[in-house]
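Chain by chain, the residues:
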Amino acid sequence: MARDEGYLLDNRQAEAGERFDALAELFDASTFRHLDDLGVGPGWHCWEVGAGGPSVVRWLGGRVGPRGRVLATDIDVSWTREAAGPVVEVRRHDVAADEPPRESFDLVHARLVLVHVADRERALRTMAGALRPGGVLLLEDADPAMQPLACPDEHGPEEELANRLRRGFRTLLAERGADLAYGRRLPRLLREAGLTEVRADACFPIASPAGDLLEAATVRQVRGLLVERGLATDEEVDRHLANVEAGRLDLATSPMVSAWGRRP
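The sections below set out a description of the structure shown in this document. (Residues numbered from 1 in each chain as written. Predicted model: local features only at pLDDT ≥ 70, side-chain atom pairs only at ≥ 80, totals over all residues. Heavy atoms only, no water.)

Quick look at the nonpolar core
Ranked by internal contacts, the top residues of the largest apolar core, which has 28 residues, are Trp47, Val108, Met127, Leu137 and Leu139. For this core, the secondary structure elements donating two or more residues are β1 (45-49), β4 (105-111), α3 (120-129), β5 (131-142), α5 (186-192) and β7 (256-262). Examining the composition of this core, we find that four residues originate from one element, α3, more than from any other. Beyond its immediate chain neighbours, meaning those up to four positions away, Leu137 contacts Val108, Met127, Ala128, Leu131, Leu190, Leu195, Ala259, Trp260 and Gly261. Trp44, Leu60, Leu138 and Trp260 belong to the second largest nonpolar core, which has 21 residues in total. (Core = buried A, V, L, I, M, F, W, Y, C linked by side-chain atoms within 4.5 Å. Buried < 20%, exposed > 50% of the residue type's maximum accessible area, 1.4 Å probe, protein only. Helix = DSSP H or I, 4+ residues; strand = E, 2+ residues; numbered from the N terminus. Contact = heavy atoms within 4.5 Å.)

Remarks on helix α7 (residues 234-245)
With twelve residues, α7 extends 16 Å from end C-alpha to end C-alpha; this agrees with the ideal 16 Å at 1.5 Å per step. Of all the positions in α7, only Glu236, Val237, His240, Leu241, Asn243 and Val244 are classed as buried. Along α7, the residues classed as buried sweep out an arc of 155° about the axis, all on the same side. Taken together, the buried residues of α7 touch α4 (157-175) and α6 (209-228). Just downstream of α7, Gly247 is the residue with a positive phi angle, here 70°. (Expected span 1.5 Å × (residues − 1). Arc of directions from axis to C-beta.)

Details of the pattern of salt bridges
Enumeration over the complete set of coordinates arrives at 22 salt bridges. A salt bridge links Arg188 to Glu192; its shortest N-O distance comes to 3.3 Å. Of this pair, Arg188 and Glu192 both sit in helix α5, separated by four residues, roughly a single helical turn. On the accessibility criterion, Glu192 (56% relative accessible area) is exposed. Across the salt bridge formed by Arg262 and Glu197, the nearest N and O atoms sit 3.7 Å from each other. On the criterion of sequence distance, the pair formed by Arg262 in strand β7 and Glu197 in strand β6 (residues 196-203) is long-range, its members being 65 residues apart. The exposure class assigned to Arg262 is partly exposed, which follows from its relative accessible area of 25%. Using a relative accessible area of 52% as the deciding quantity, one classes Glu197 as exposed. Bridged by salt links that share partners, the residues Arg69, Glu89, Arg91 and Glu103 form one connected network. (Salt bridge = Lys/Arg side-chain N within 4 Å of Asp/Glu carboxyl O.)

The values are spatial; any link to function lies outside them.
Right, dumping it as structure tokens:
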């Protein structure tokens, strides 16, 4: 994932790899379905923005084949570098601050990027401007404000604790500049960027092993800040992680809104 200096979930932390694996398990099927429906195929030139983990980059590389090209960029490419190869170039790049790539693309895709970027407007303009005529921009971002609960079925103290920690996490995200209602705006923003044939849908996993893994890795990653800011105690974090590990919670993610549009 791309990040600015305030990005909460730093890719350099050990838990980042666990989060990328869990996110891939939760959302790759939806992402690949959209890419497949958009016709990504042999010879396409694709830009994967804020690539983070390697799963989407590898899928794109396999789909475009030897006549295609995939540019994978992020501020921190340590988790993406393993996907580099004859078709895939991995490059350090900040979509909100650096000059855009000189080439143009049939597809530009970003997942869980703009919600965290301070200058979202510039980043979106950069991505839309990198499309060839007829090229497609697919943006996928969370909307924590649309569904803010870790446990929508809050029927006991374990679920209440999970939801309280999720509120603390949202507080930390907002303090770092994340837009917690960004996902719902994507269709309008794509139209305002001049794209046509704009469509959108959402993916909302509940109660899955990958959701448990994502929750545990995320809470461990922000544990120090939760305690430091008085949003949770060490004992509460330990208790919540034990509840997650025991599989007693039906954990939900924020809705992942996918929106796409085409450059005329």
